[in-house]
Amino acid sequence: MASTTSTTAPGAEGVLQFQPLQSTVDSTFWMELANNKLEKYRLSEEPCTLQGYYTPARSSAVSAPLQLTSTSLALDGDAPSAAPGGPQPYIAWGSLYNVNTLDRFKSFDRERIMAKASEEIWCDIRSGAACANPALLNRFVVYTFADLKRYSFYYWFAFPALVPPAPMRAAQIGSLDAALGADLAAAVVQASESWRGACTDATPAPAWLVWLPGTNRSSEITASPLTDWAALQERDGEVILAFCDPCNLPSNPGWPLRNLLLLAAAQWGSRAVRVVCAREKAGRLDPTFSLMVDAVLPEVPAAWPAAADHPPSQEVEDPAAVPAMAVPKTLGWEVNARGRMGPRCVDLGPTMDPTQLATQAVDLNLKLMRWRVLPELNTEMLAATKCLLLGSGTLGCAVARTLQGWGFRHITMVDNGKVSYSNPVRQSLFEFEDCKNGGRPKAEAAAERLKAIFPGVKAAGEQLHIPMPGHNVSPQEEGAVMRDVARLEELVLEHDAVFMLMDTRESRWLPTVLCAHHEKIGINCALGFDGYVVMRHGHGLSKSTDDVAEGVGEASCSSAPRLGCYFCNDVVAPIDSTRDRTLDQQCTVTRPGLAPIAGALAVELLVTLLHHPQGDKAAADTASSEASPESPLGLVPHQIRGSIAHLNQLLIHGPAFKQCTACSPQVVQEWRTDSQRLVMRACNEPKYLEDLTGLTAMHTEVDSAMEAWGDEDENSDEDDF
Amino acid sequence: METDGTLLGPSTFEECCALFAEAWENTNAGDGSVWSWLTPSRRNGEEHLAAGFLVLERFPIFSSQTDGANRDESLSWEREQEGLLEEYPPLSSRTLQEDSAVDALAASAHDPQRSLKFLDLHIVYSPSYRVPVLYLRCYRSDGKELSWDDFDGILPSKQEKKSQTLETFMSQEEHPHLRRPWFAIHPCQTAELLCLMHQQAEGNFTNNAQELLSTSCPQSSYISSHKTAVGNRRSTLLRYMLGWFSVVGAAVGVKLPLEVFRQI
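Okay, so let's go over this structure. Because the structure is a prediction, the values reported are computed rather than measured.

A separate point is the overall build of chain B. Each helix and strand in chain B was counted, giving seven helices and six strands. Start at the N end of chain B and walk to the C end: the helices and strands fall as α-β-β-α-β-β-α-α-β-β-α-α-α. By residue count, 52% of the 264 residues in chain B fall in the buried class. For chain B, contacts bridging at least 24 residues in sequence account for 60% of all contacts bridging at least 6. Approximately 12200 Å² of chain B is accessible, and the part contributed by carbon and sulfur atoms is 51%.

Below, the structure written as structure tokens:
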């Protein structure tokens, strides 16, 4: 036997090999299935009827698949719904079994559904129903599991083909016009097309007969339905079987021919039949592309298959399910994408998940910027840069929104306040509802709103009080304060850039120390009534090198001097600036347009800085660097000071101050030695930081110098100082 | 007149599409794939759109690369799931082991159908630019649409010319009729391009193409100056469409056969 089952060119009596049908599922089908699952089927696993579409092969490069689209499930209407573009396709009826869990899918009894379909097909062949409606031969089954949380779908198709008692063979196989001659082939095609054109059924029959007149060639070639087989045998001539062939291969017919040939053998008792495998070019049946197969069929006795071939099922749930007659063996499960027996899996998250759609759209928008304007733009780097926003008020909201615009994906909001009724009009992440019942914690509300705006962002909110120099801490409070300090340090460590956006000066002190210690990028933003400062802190102090030499402003070697921090211009330590103010002074009294301007500048400064080859060690650009900035996005200044009253903006730079109360090596060193001692003394002892950094000594020196100078010129007015 | 003094009016667009689809079908340009005219019901605020758009569905393309499984997380996840599920329960004697069937063609590992993808092409009228715009999407046989990165490897313009990057001519836009994001070939240079082609065809082509591209084409010069006779009009509109598609189609790997230009 083995010698006759050669797979190559089916020569004389070679086994006829059929190309399996291939499924293809439009994404609209999966969307429809997902909808139906949620709204119609819910937990039901009852099978439902499907309408699959296929066409004759139209391209010599690929076979025509069996296609499911959104209309495949919509069978409520009586007429088959409009099928995908092009000429009317043929319809195959299928059964869909959708199960509820992946475990059910794995253990699904696929033999049962295959057996059911093949029994139906065999009954229709034996009863003659398939002759009247050949589409019944092309039944298929598919079982699915729709994972709607992941937008992924598992599925396995089977195109049941009943296995005949012995393989079908081909005496001859070749193109239609080669087999019949061009004229006859054209006439066969012509007859088939006009028969199909005259067919008024909504679903054209996928198989038909073509009658070639015999000796009396004067009669015309005609096409007719399969039910005419017996009548046509009476006439003088030859009856040819024709079917819509989805296969594109030059020497194999497609899968639908299998059951059709079995019908010919079982119902008509044919032992040999000529078959036209009808294929199309340019929308017409094509005699060169179509095949002619001289098929040799096995004998199919009336009693085949014997009931003994069919072992009774061990677990008969329903006696009615036992087939009334024995059914032939069946094959037809489709292989997966790796060519192996198994189900397929498709993840449609990128097409169906709104969050993924938004993420793609946001990314694409930024990529457009890269493609059109800025080839150097590194959006991946921005997306990976983690930003810590200390303060979730007007500035915090403005900075967070602009970060989102740039595609930053990690944003942590910190604040210790609650949303108050005056906030939403200025603070773009809050709404009226957030103010009710005492107000929601600002950081949490802001983070939640960031996610509502764009679910692709990893936003977190953290309610935290930042200890401030000059704000006394009692011994009882010390534990809680140090826990806040520890948490703040953790947060700084977890992030790459720290924005200082609070409404007091002294609350920026500890974050500045932490940035210097952990070498994080510090961006500071502060508002006056109509002016603003946006600045980046000088780079942090490396733990490995000797701090003192490197830490100070004077250029130690070739590199640019380390830049100053927010406190470097001060000769006094930060103190409690709220203590002696009236209530109205404690509120942020600032022109409403300022925060959006300054917040946006702060983010733009960070983005430009991140693109600078030296990063946070970049030397301060000034207006005169404009000709050739090193960052592809432009200037990386140290400080931007602007006034909205004068509508001007200045780029300022200043080196780190060696007696700075926040970023100087003495302070950082003290943090590294004993952070608790540093924080507690800074909070409770007004002069501590000035003593530590040597500012006190400097003041004394200055005072004595002044005194000496004053002695020389007694007429001067001391109030000038 | 439908051209209302500019390059292309909505109804002239429809006429152009009909001529183009006919020429395509006459010459079997799509190896069996044909264009059809789709007329979705117009919603409020869509009066400026053309009545429909031209659709070519499931145009098969083959990519040399398999699937980009290394880059695509979603894809490798799918393959992993499939691998886990291959341990299917054994079949009884009544259902044959498929691999042992002598009369079914086994799917071979190098089956070209596996690297097969499908393109859907839509030719949509752009009311802002008054030119046709090509919208497209590409998907696998299981319905999964290709992402931007996957697209990148498939299109010929990317494979052949390294200098020409996908993003210089393509972007993701909302499909005006379907209201879903689709890939689109930028319409911004279309008018200038056609203007240039036309002048070349007329023999007025100057060597300084750059200059032509930078100066805007005088309004209506292309079509309204040619609305002399009916036959002339037909060939003008068809030449317009074929000229346009020969450029945008080639960009996505759909080439027009030479015979189609004989239809002009």
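Let us look at the overall build of chain A. Across its full length, chain A carries 23 helices and 25 strands. Looking at the 721 residues of chain A, the share that counts as buried comes to 53%. For chain A, contacts bridging at least 24 residues in sequence account for 71% of all contacts bridging at least 6. For chain A, the accessible area works out to roughly 31300 Å², and carbon and sulfur atoms hold 52% of it.

Here the focus is unusual backbone geometry. Residues and elements named next belong to chain A. Residues Trp304 and Pro305 are joined by a peptide bond in cis, for which omega reads -10°. Position of Pro305 among the secondary structure elements: in the loop between β15 (291-296) and β16 (330-333). Phi is positive for Leu647, which is not a glycine, with a value near 50°. Tracing the backbone shows Leu647 in the loop between β24 (639-643) and β25 (648-652).

Residue and element names in this part refer to chain A. Interhelical geometry of helix α3 (residues 110-127) versus helix α8 (residues 257-267) gives an angle of 40° and a closest axis separation of 9 Å. The orientation of α3 relative to α8 falls into the category oblique. Considering the relative orientation of α3 and α8, their crossing is right-handed. Along the contact surface, α3 presents Ile121, Trp122, Ile125 and Arg126, while α8 presents Asn259, Leu262, Leu263, Ala266 and Gln267.

Right, let's get into the interface of chain B and chain A. Counting from both sides, the interface comprises 56 residues of chain B and, opposite them, 76 residues of chain A. Each partner contributes to the roughly 5700 Å² buried at the junction of chain B and chain A, and carbon and sulfur atoms together form 53% of this total. Our enumeration of links across chain B and chain A arrives at one salt bridge. Two residues, A:Asp26 and B:Arg137, come together in a salt bridge whose shortest N-O distance is 3.5 Å. At the boundary of chain B with chain A, the tally comes to 10 residue pairs in polar contact (both at pLDDT 80 or more). When contributions to the side of chain B that touches chain A are tallied by element, the ones reaching two or more residues are β2 (53-62), α2 (73-85), β3 (116-126), β4 (131-139), α3 (148-154) and β5 (170-174) of chain B. The biggest single contributor to the side of chain B that touches chain A is α2(B), with eight residues. Looking at the side of chain B that touches chain A, its residues break down into 19 nonpolar, 15 polar and 22 charged.

Time to look at the sheet that holds β3(B). All names here are of chain B. Read across the sheet, six strands follow the order β1-β2-β3-β4-β6-β5 without closing on themselves; strand pairing throughout is antiparallel. Taken across any chain shown, the strands that pair with only one partner, and hence form the sheet edges, are β1 (36-38) and β5. Taken pair by pair, the neighbouring strands of this sheet meet at an average axis angle of 40°, ignoring direction. Both β2 and β3 contribute to a ladder of seven bridges, which runs antiparallel. Residue pairing in the sheet places Leu56 in a bridge with Leu121 of β3. Strand contacts of helix α1 (residues 10-26): β1, β2, β3 and β4, with the helix running at about 145° to β3, the strand carrying the most contacts.

Under the counting rule described, the total for this entry stands at 34 salt bridges over all chains. With a shortest N-O distance of 3.4 Å, A:Arg139 and A:Glu120 are connected by a salt bridge. Residue A:Arg139 is found in the loop between α4 (129-132) and β6 (140-147), and its partner A:Glu120 is found in helix α3; the two are separated by 19 residues along the sequence. The exposure class of A:Arg139 is buried, given its relative accessible area of 18%. Its relative accessible area of 28% is what places A:Glu120 among the partly exposed residues. As a salt-bridge pair, B:Arg79 and B:Glu78 come within 4.0 Å of each other at their nearest N and O atoms. Here B:Glu78 falls in the buried class, since its relative accessible area comes to 0%. Each of the salt bridges in this network shares a partner with another, and the network as a whole consists of A:Glu431, A:Asp434, A:Arg440, A:Glu444, A:Glu448 and A:Arg449.

For the rest of this paragraph, the subject is the sheet that holds strand β8 (residues 169-175) of chain A. Residue and element names in this part refer to chain A. Within the open sheet, the seven strands sit side by side as β1-β8-β15-β12-β11-β9-β10. Their pairing is mixed. Both outer strands of the open sheet, β1 (14-15) and β10 (222-224), are each paired with one neighbouring strand and no more. Here β1 runs beside β8; their pairing, made up of two bridges, is antiparallel. Its bridge partner lying in β8, Val15 is registered against Arg169. Lying on the sheet, helix α6 (residues 182-198) is in contact with β9 (207-213), β10 and β12 (272-278); it crosses β9 at an angle near 135°. Across the sheet, α8 is in contact with β9, β11 (237-244), β12 and β15; its angle to β11 comes to roughly 150°.

Another aspect to go through is the state of the cysteines. Tallied over the full model, the rule gives zero disulfides over all chains. Among the cysteines around A:Cys663, which has no disulfide bond, A:Cys568 carries the closest sulfur, lying 3.5 Å off. What makes A:Cys663 buried here is its relative accessible area of 3%. Just so you know, B:Cys17 is unpaired, no disulfide at all, and the nearest cysteine sulfur is the one on B:Cys16, 6.8 Å from it.

In this section: α6(A). Think of an α-helix as turning once every 3.6 residues; residues three or four places apart then point the same way. Residues and elements named next belong to chain A. Its 17 residues give α6 an end-to-end C-alpha distance of 24 Å, which sits within 8% of 24 Å, the value for a rise of 1.5 Å per residue. Burial in α6 covers these residues: Ala185, Val188, Val189, Ala191, Ser192 and Trp195. The arc that holds the buried residues of α6, viewed along the axis, is 160°, so those residues lie on one side. Exposed and oriented more than 90 degrees from the buried face of α6 are Ala182, Asp183, Gly197 and Ala198. Buried positions along α6 lie against α5 (176-180), β9, β10, β12 and β14 (284-285).

A complete count under the given rule lists 32 aromatic pairs over all chains for this structure. Both rings, one in B:Phe20 and one in B:Trp24, keep their centres 6.0 Å apart while their planes meet at 50°; by these two values the pair is tilted. Linking B:Phe20 with B:Trp24, this pair stays in helix α1, spanning four residues, or about one helical turn. Owing to a relative accessible area of 1%, B:Phe20 belongs among the buried residues under this scheme. For B:Trp24, a relative accessible area of 1% translates into the label buried. Between B:Trp24 and B:Phe245, the ring centres sit 6.0 Å apart and the planes meet at 90°, which makes this aromatic pair edge-to-face. With B:Trp24 in helix α1 and B:Phe245 in helix α7 (residues 230-251), this pair connects stretches of sequence that are 221 residues apart. Neither B:Trp24 nor B:Phe245 differs from the other in exposure class; each is buried. Over the face of the ring belonging to B:Trp77 we find A:Arg150, whose NZ or CZ atom lies 3.5 Å from the ring centre. The lysine or arginine in question, A:Arg279, covers the ring of A:Phe289, its NZ or CZ lying 5.5 Å from the ring centre.

Moving on: the packing of helix α15 (residues 478-494) of chain A against helix α21 (residues 675-684) of chain A. All names here are of chain A. In the contact formed by α15 and α21, the axes pass within 11 Å of each other and the chain directions differ by 115°. Both α15 and α21 take part in a crossing whose hand is right-handed. Where α15 abuts α21, its residues Glu478, Val481, Met482 and Val485 lie against Ser675, Gln676, Val679 and Met680. Tallied by class, residues from the contact of α15 with α21 come to five nonpolar, two polar and one charged.

Rules behind the numbers
Residues numbered from 1 in each chain as written. Chains lettered and ligands numbered in written order. Predicted model: local features only at pLDDT ≥ 70, side-chain atom pairs only at ≥ 80, totals over all residues. Heavy atoms only, no water. Helix = DSSP H or I, 4+ residues; strand = E, 2+ residues; numbered from the N terminus. Buried < 20%, exposed > 50% of the residue type's maximum accessible area, 1.4 Å probe, protein only. Contact = heavy atoms within 4.5 Å. Areas by Shrake-Rupley, 256 points an atom, 1.4 Å probe, with all protein chains shown as cover. Axes fitted to C-alpha atoms, helices over the stretch in contact; angles between N-to-C directions. Parallel < 35°, antiparallel > 145°, perpendicular 65-115°, else oblique. Left-handed = near helix turned anticlockwise from the far one by under 90°. Buried area = accessible area lost by both parts, 1.4 Å probe. Salt bridge = Lys/Arg side-chain N within 4 Å of Asp/Glu carboxyl O. Polar contact = N/O pair within 3.5 Å; in protein donor to acceptor, adjacent residues only side chain to side chain. Nonpolar A, V, L, I, M, F, W, Y, C, P; charged D, E, K, R; others polar. Pairing = 2+ DSSP bridges. Disulfide = S-S within 2.5 Å. Expected span 1.5 Å × (residues − 1). Arc of directions from axis to C-beta. Phe/Tyr/Trp six-rings, centres within 6.5 Å; stacked < 30°, edge-to-face > 60°. Lys NZ or Arg CZ within 6 Å of the ring centre and 35° of its normal.

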